[in-house]
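Observations on the three-dimensional arrangement
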Amino acid sequence: MSSFTIYPAIDIRGGQCVRLVQGDYDRETVYNANPVEVAKSWETQGGAFIHVVDLDGAKAGHPVNDELIGEIARSVQVPVQVGGGLRSLEDVKRLLALGVSRVILGTAAIEDRAFTEAVLGTYGDKAAIGIDARNGLVATRGWLETSEVQAEALAKELAGKGAETFIFTDISRDGMMQGPNVEAILSLAKASGKTVIASGGVTVQDDLLRLAAHANEGVGGAIVGKALYTGNIELAQAIAAIQALK
């Protein structure tokens, strides 16, 4: 079985660790006032890679919480990947210099193809493409807008430009605790021929096991947010269960 990684999520807004429902900024729950302590906790529980989203940055169109993100990256030994508002090579360079291991391009992958290709060409696997879809169409600007671009078509095109990792979110499932859209995740992996990290909808440990069963088909991991914060999933227990599949 190919490797499958659980990515505990830290969504930052106003300097705090929060969760939104379906990307709605008016439907926010604050889970912790100190994202750095949250990151340390995930590492202590066995997290091998931490996923951070700068929600303020996603909305503003440029990184907002980069100093805090740098503090998170320095506070843990495991790699950290970051998305939210990355629109320039300077933004990417600065975050990587702060200790971030991988940046995630979302809106820019649709709106600025030259920039996206430049990042892929310069930084290779230190850049992932975040594809957030609503009814199969790519959403942009912190999910506030929906494009006319099909998710699978975008993945296939950018795989040809050097993208090795995609993070796929089915917005309809995000924060709803309804389980991931496994069919759509597999379709994207097949279309791109690359690694896809699932995001949105993971509710119970069995959801992770269902996804991990497809590791040999390109499903390389899953981002877990709300289910960890509510206690529906215990990180260390889920990691052990996935390791037992091998």
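Residues numbered from 1 in each chain as written. Predicted model: local features only at pLDDT ≥ 70, side-chain atom pairs only at ≥ 80, totals over all residues. Heavy atoms only, no water.

Quick word on the overall build of the protein
On a plain count of helices and strands, the protein comes out with 11 helices and 12 strands. For 246 residues, the compact-globule formula gives about 18 Å, and the C-alpha radius of gyration of the protein, at 16 Å, lands near that figure. By its C-alpha atoms, the protein is 45 × 35 × 35 Å across when sized along the principal axes. In the protein, the share of contacts with a sequence separation of at least 24, taken over all contacts with a separation of at least 6, comes to 67%. Summed over all atoms, the accessible surface of the protein reaches about 10100 Å², with 45% contributed by carbon and sulfur. Between the centroid of the 22 positive side chains of the protein and the centroid of its 30 negative side chains there is a distance of 3 Å. (Helix = DSSP H or I, 4+ residues; strand = E, 2+ residues; numbered from the N terminus. Rg over C-alpha atoms; globule rule 2.2 N^0.38 Å. Contact = heavy atoms within 4.5 Å. Areas by Shrake-Rupley, 256 points an atom, 1.4 Å probe, with all protein chains shown as cover. Lys, Arg positive; Asp, Glu negative; His and termini not counted. Charge placed at Lys NZ, Arg CZ, Asp CG, Glu CD.)

A closer look at unusual backbone geometry
One non-glycine residue, N135, adopts positive backbone phi at about 55 degrees. Take N135: it is sitting in the loop between strand 7 (127-134) and strand 8 (137-140).

Considering the packing of helix 4 (residues 89-97) against helix 6 (residues 113-123)
At their nearest, the axes of helix 4 and helix 6 sit 10 Å apart, and the two run at 35 degrees to each other. Helix-helix and strand crossings are classified by hand; for helix 4 and helix 6 the assignment is right-handed. Here L89, V92, K93 and L96 of helix 4 come into contact with helix 6, specifically with F115, A118, V119 and Y123. (Axes fitted to C-alpha atoms, helices over the stretch in contact; angles between N-to-C directions. Left-handed = near helix turned anticlockwise from the far one by under 90°.)

Regarding helix 4
Because an α-helix packs 3.6 residues into every turn, residues spaced three or four apart end up facing the same way. Taken together, the buried positions of helix 4 are occupied by D91, V92, L95 and L96. End-on view of helix 4: buried residues confined to an arc of 125 degrees, all on one side of the axis. Seen from the open side of helix 4, the exposed residues pointing more than 90 degrees away from its buried face are E90, K93 and A97. Those residues of helix 4 hidden inside the fold are in contact with helix 3 (66-75), strand 5 (80-83), strand 6 (102-105) and helix 6. One or two steps after helix 4, the chain reaches G99, where phi turns positive at roughly 110 degrees. (Buried < 20%, exposed > 50% of the residue type's maximum accessible area, 1.4 Å probe, protein only. Arc of directions from axis to C-beta.)

Some thoughts on the pattern of salt bridges
Evaluation of the coordinates by the stated rule reveals seven salt bridges. For R94, the salt bridge is made with D66, and the minimal N-O distance between the two is 2.8 Å. Note that R94 is positioned in helix 4 and D66 in helix 3, a separation of 28 residues in sequence. Each of D66, D91 and R94 takes part in a single network of salt bridges with overlapping partners. (Salt bridge = Lys/Arg side-chain N within 4 Å of Asp/Glu carboxyl O.)

Comments concerning the environment of I110
Here I110 is to be found in helix 5 (residues 107-111). The buried category is assigned to I110, whose relative accessible area is 19%. Residues I110 and L208 lie 98 residues apart in sequence; the distance between their C-alpha atoms is 29 Å. Contacts of I110, omitting those with residues within four sequence positions, involve V138, T140, S147, V149 and L154.

A few points about the packing of helix 9 (residues 205-212) against helix 11 (residues 235-243)
The N-to-C vectors of helix 9 and helix 11 enclose an angle of 30 degrees; their axes lie 10 Å apart at closest approach. Classified by the angle between their axes, helix 9 and helix 11 sit roughly parallel to one another. The two elements helix 9 and helix 11 cross, and the hand of that crossing is right-handed. Residues Q205, L208, L209 and A212 of helix 9 form the contact with helix 11, whose participating residues are Q237, A238, A241 and I242. (Parallel < 35°, antiparallel > 145°, perpendicular 65-115°, else oblique.)

Regarding helix 8 (residues 182-192)
Within helix 8, burial applies to V182, I185, L186, L188, A189 and S192. The buried residues of helix 8 occupy one face: seen down the axis, they fall within an arc of 160 degrees. Residues of helix 8 that are exposed and point more than 90 degrees away from the buried face comprise E183 and K190. In this fold, the buried residues of helix 8 make contact with helix 7 (151-159), strand 10 (165-170), strand 11 (195-199), helix 9 and strand 12 (219-224). Immediately downstream of helix 8, the backbone of G193 shows phi near 75 degrees, a positive value.

A few points about the nonpolar core
One finds F4, I10, F166 and L208 to be the most contacted residues of the largest nonpolar core, which totals 67 residues. Beyond its immediate sequence surroundings of up to four residues, I10 is in contact with C17, P35, V38, A39, W42, I50, H51, V52, V53 and Y229. Judged by nonpolar contacts, the second largest core, of eight residues, contains I104, A128, I167 and I223. (Core = buried A, V, L, I, M, F, W, Y, C linked by side-chain atoms within 4.5 Å.)

Remarks on the pairing of strand 8
Pairing analysis gives two bridges linking strand 7 to strand 8, with the strands arranged antiparallel. Along strand 8, the bridge assignment pairs R134 with L137. Here strand 7 folds back onto strand 8 in antiparallel fashion, the turn holding two residues, of which N135 has a positive phi close to 55 degrees. Direction of pairing for strand 8 relative to strand 9 (residues 145-150): antiparallel, over a ladder of three bridges. When the bridges of strand 9 are listed, L137 appears paired with Q150. (Pairing = 2+ DSSP bridges.)

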